[in-house]
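The chain contents come next:
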Amino acid sequence: MTTEPGTDPLTDKATGLQEIHTTDDHGVELSLRPGRRTGEGLVVADGGCVRHDGYWDAYAWSSS
């Protein structure tokens, strides 16, 4: 697992936020990073021929 400074995908400028990256046992690259809107997260799983982008609202999510 690694972390690196995040960049805006449109402007390529630093956001000041961190992104987390890792690769699972099957070679699927996983990342967790801030989304485009405040409070939004972006989860990306890229396995080569299969790709999924998932979004969630951090304020609506509950662990209970």
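In the block above lies the structure referred to throughout.
Structure report, in brief.

### Details of the pairing of strand 3 (residues 29-34)
- As judged from the four bridges shared by strand 2 (residues 14-23) and strand 3, these two strands associate in the antiparallel manner. Residue pairing across strands places Ile20 opposite Leu32, the latter belonging to strand 3.
- Connecting the antiparallel pair strand 2 and strand 3 is a turn made up of five residues, with Gly27 showing a positive phi of about 85 degrees.
- Here strand 3 runs beside strand 4 (residues 40-46); their pairing, made up of six bridges, is antiparallel. Looking at the pairing, Pro34 lines up with Gly41 of strand 4.
- In this antiparallel pair of consecutive strands, strand 3 and strand 4, the connection spans five residues, and Gly39 shows a positive phi of 80 degrees.

### Examining the side chain of Glu19
- Along the chain, the position of Glu19 falls in strand 2.
- Here His21 takes part through its side chain, which lies 3.1 Å from a polar atom of the side chain of Glu19.
- Leaving out residues up to four positions away in the same chain, Glu19 has contacts with Thr2, Thr3, Glu4, Gly6, Thr7, Leu32 and Arg33.

Reading the values: rules and limits
- Residues numbered from 1 in each chain as written.
- Predicted model: local features only at pLDDT ≥ 70, side-chain atom pairs only at ≥ 80, totals over all residues.
- Heavy atoms only, no water.
- Pairing = 2+ DSSP bridges.
- Helix = DSSP H or I, 4+ residues; strand = E, 2+ residues; numbered from the N terminus.
- Polar contact = N/O pair within 3.5 Å; in protein donor to acceptor, adjacent residues only side chain to side chain.
- Contact = heavy atoms within 4.5 Å.

The quantities given are spatial measurements derived from coordinates; they are silent on function.
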